[in-house]
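What the coordinates show
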Amino acid sequence: MKEIIKKISYLRGLCNGYGFDRNTKEGTVLLGILDVLDDITDAILEDGDEDDDEEEYSYAFICPACGQELEVDEDVLNNEEELICPACGNVIPVLNEFAIDDDGE
Ligand SMILES: [Zn+2]
């Protein structure tokens, strides 16, 4: 992995050395490719240590009875069939739109 990063920065150095800049067609293409390579290595590196920042997604529901906003974790959505509004006790059915995504066509 480090090899690849080294190669990319080597190429970037070459581009700078040869005086490619973004105002030329060649420079646009070459620097564009280098940007993409950077993005790819970033993405790969981020994948490597995903323990650190495990993202929890939460969704906002509005209680239809009282308008109270409920913040619900993705986890809860996947496991519960209904939510209870903390403000008024109204039962809000959870439409599992996330689970039945398959027959969209
Ligand atoms: Zn409510």
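Residues numbered from 1 in each chain as written. Predicted model: local features only at pLDDT ≥ 70, side-chain atom pairs only at ≥ 80, totals over all residues.

1. What to know about the overall build of the chain
- The secondary structure content of the chain amounts to 3 helices and 4 strands.
- Element order for the chain, N to C, with α for helix and β for strand: α-α-β-β-α-β-β.
- Across the 105 residues that make up the chain, the buried fraction comes to 1%.
- Contacts in the chain between residues far apart in sequence, at least 24 positions, make up 20% of those at least 6 positions apart. (Helix = DSSP H or I, 4+ residues; strand = E, 2+ residues; numbered from the N terminus. Buried ≥ 20, exposed ≤ 12 C-beta atoms within 10 Å, placed from the backbone. Contact = placed C-beta atoms within 7 Å.)

2. Some remarks on the pairing of strand β2 (residues 69–73)
- Pairing of strand β1 (residues 58–62) with β2, which is carried by 5 bridges, proceeds in the antiparallel orientation. The residue of β2 that forms the bridge with Ile 62 is Glu 69.
- Taken together, β1 and the strand that follows it, β2, pair antiparallel across an intervening segment of 6 residues, in which Gly 67 is found at a positive phi of about 85 degrees. (Pairing = 2+ DSSP bridges.)

3. Notes on the environment of Leu 83
- Mapped onto the fold, Leu 83 is located in strand β3 (residues 82–84).
- For the pair Leu 83 and Leu 70, spaced 13 residues apart in sequence, the C-alpha separation works out to 9.0 Å.
- Not counting residues up to four positions away in its chain, the partners in contact with Leu 83 are Phe 61, Leu 70, Val 72, Ile 92 and Val 94.

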